Amino acid sequence: MSTTTIQCPQCLAPLSGSAKVCEYCGSKIFVDSLAYLSNLDAPVIQKYIKSYKEKLNEDSNNVEGLMGIGLCYLILKMYPLAKSSFEKVINIHPDIAKAYYYYSLSLIAERRIKSIPSKEMKVIESYLNTAYTMDNGFNLILLLLHIIQVDYYLANGLMLKGAFNNDFTSLINYDELDISEIERLKSAIKVHDFKIFKI
């Protein structure tokens, strides 16, 4: 019986197929947040993409591979590819709140929140509301919901409804927000002034 081996995306060391962290260089094999990728340069991220593609060739429904490659595409601003990856994660494993959040970022795709057409905003809201329902303590979801509340609803003179009637500022724990994730959020969306949101 043969054991599956993979390579570390950073140092290329051979590892067991079930490894989560490289025993040689300490890098993660599968990433689950933009914060981890934010300090890596494009060639290293491309190595992650190659590694995830190999994993997905073996099992096209591998959630870790789909999440990882989606995050790589998102950080490289390849929004249609990121969207496709997160959509697959949601279809296979609909209980991962982060997938809905990152899917929403890939839909926003660096546009000004205020100017997103209402039909598209309804889709983004739907995914964020689902994520919020699954994990109402996920501070990045709360922050993005607050940004939409102010820069879409209030800036366009629209009535607040549903989840947007919440006072998200009282729910967000700013001390727990990862600075790298905030920077990625700020690069993926456009608003009039980020200082309004204390970021």
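None of these values were measured; they are calculated from a predicted model.

**Structural notes on the overall build of the protein chain**
Helix and strand counts for the protein chain come out as nine helices and two strands. When the elements of the protein chain are put in sequence order from the N terminus, they spell out β-β-α-α-α-α-α-α-α-α-α. For 199 residues, the compact-globule estimate of 2.2 N^0.38 gives 16 Å, and the C-alpha radius of gyration of the protein chain, at 18 Å, lies within 12% of that figure. Expressed as a percentage of the 199 residues in the protein chain, the buried residues total 47%. Within the protein chain, contacts between residues at least 6 apart in sequence are counted, and of these 55% link residues at least 24 apart. When the accessible surface of the protein chain is summed, it comes to about 10000 Å², and 51% of that surface belongs to carbon and sulfur atoms. Across the protein chain, the mean location of the 21 positive side-chain charges is 7 Å away from that of the 21 negative side-chain charges.

**Describing the confidence of the model for the protein chain**
With 97% of its residues at a pLDDT of 70 or more, the protein chain has an overall mean of 89. Across the protein chain, element-level confidence peaks in helix H4 (residues 79-92) with a mean pLDDT of 97 and bottoms out in strand S1 (residues 5-7) with 78.

**Focus on H4**
The end-to-end C-alpha distance of H4, which contains 14 residues, comes to 20 Å, matching closely the 20 Å that a straight helix rising 1.5 Å per residue would cover. Of all the residues in H4, the buried ones are Tyr79, Ala82, Ser85, Phe86, Val89 and Ile90. Projected down its long axis, H4 carries its buried residues within an arc of 140°, all on one side. Opposite the buried face of H4, by more than 90 degrees, sit the exposed residues Pro80 and Asn91. Where H4 is buried, its residues meet helix H3 (63-75), helix H5 (97-108), helix H6 (118-134) and helix H9 (179-188).

**Observations concerning the pattern of salt bridges**
When their charged atoms lie close together, side chains carrying opposite charge are able to pair. One pass over the structure, following the stated rule, counts seven salt bridges. Residue Asp151 is joined to Arg112 by a salt bridge in which the shortest nitrogen-to-oxygen separation is 2.9 Å. Taken together, the residues span a long stretch of sequence, with Asp151 in helix H7 (residues 139-154) and Arg112 in the loop between H5 and H6 at a distance of 39 residues. With a relative accessible area of 5%, Asp151 lands in the buried category. A salt bridge links Lys186 to Glu183; the nearest nitrogen and oxygen atoms lie 3.8 Å apart.

**Points about unusual backbone geometry**
Notably, Leu12 is not glycine yet its phi reads approximately 65°, a positive angle. Considering the arrangement of structural elements, one finds Leu12 in the loop between S1 and strand S2 (14-16). Although it is not a glycine, Ala109 adopts a positive phi angle of roughly 50°. Turning to its location among the elements, Ala109 is positioned in the loop between H5 and H6. A relative accessible area of 25% places Ala109 in the partly exposed class.

**Side note on the packing of aromatic side chains**
Inspection of every chain in the model, using the stated rule, returns 10 aromatic pairs. Aromatic pair Tyr152 and Tyr153: ring centres 5.4 Å apart, planes at 85°, arrangement edge-to-face. This pair shows no difference in class: Tyr152 is buried, exactly as Tyr153 is. Among the aromatic residues, those joined into a ring-pair cluster are Phe30, Tyr36, Tyr48 and Tyr52.

**Re the environment of Tyr127**
Relative to the helices and strands, Tyr127 resides in helix H6. For the pair formed by Tyr127 and Tyr101, sequence separation is 26 residues and the distance between their alpha carbons is 7.1 Å.

**Overview of the nonpolar core**
One finds Tyr101, Leu105, Ile113 and Ile189 to be the most contacted residues of the largest nonpolar core, which totals 70 residues. In terms of residue count, the dominant contributor to this core is H7 (11 residues). Beyond its immediate sequence surroundings of up to four residues, Ile189 is in contact with Leu105, Ile108, Glu110, Arg111, Ile113, Leu144, Ile147 and Phe194.

**Some remarks on H9**
For H9, the set of buried residues is Ser180, Glu181, Ile182, Leu185 and Ala188. On the buried face of H9, the contacting elements are helix H1 (34-37), H4, H5 and H7. Between the side-chain oxygen at the start of H9 and the backbone nitrogen of Ser180 there is a gap of 2.8 Å, and the oxygen is on Asp178.

Definitions and limits used
Residues numbered from 1 in each chain as written. Predicted model: local features only at pLDDT ≥ 70, side-chain atom pairs only at ≥ 80, totals over all residues. Heavy atoms only, no water. Helix = DSSP H or I, 4+ residues; strand = E, 2+ residues; numbered from the N terminus. Rg over C-alpha atoms; globule rule 2.2 N^0.38 Å. Buried < 20%, exposed > 50% of the residue type's maximum accessible area, 1.4 Å probe, protein only. Contact = heavy atoms within 4.5 Å. Areas by Shrake-Rupley, 256 points an atom, 1.4 Å probe, with all protein chains shown as cover. Lys, Arg positive; Asp, Glu negative; His and termini not counted. Charge placed at Lys NZ, Arg CZ, Asp CG, Glu CD. pLDDT = per-residue confidence, 0-100. Expected span 1.5 Å × (residues − 1). Arc of directions from axis to C-beta. Salt bridge = Lys/Arg side-chain N within 4 Å of Asp/Glu carboxyl O. Phe/Tyr/Trp six-rings, centres within 6.5 Å; stacked < 30°, edge-to-face > 60°. Core = buried A, V, L, I, M, F, W, Y, C linked by side-chain atoms within 4.5 Å. Polar contact = N/O pair within 3.5 Å; in protein donor to acceptor, adjacent residues only side chain to side chain.

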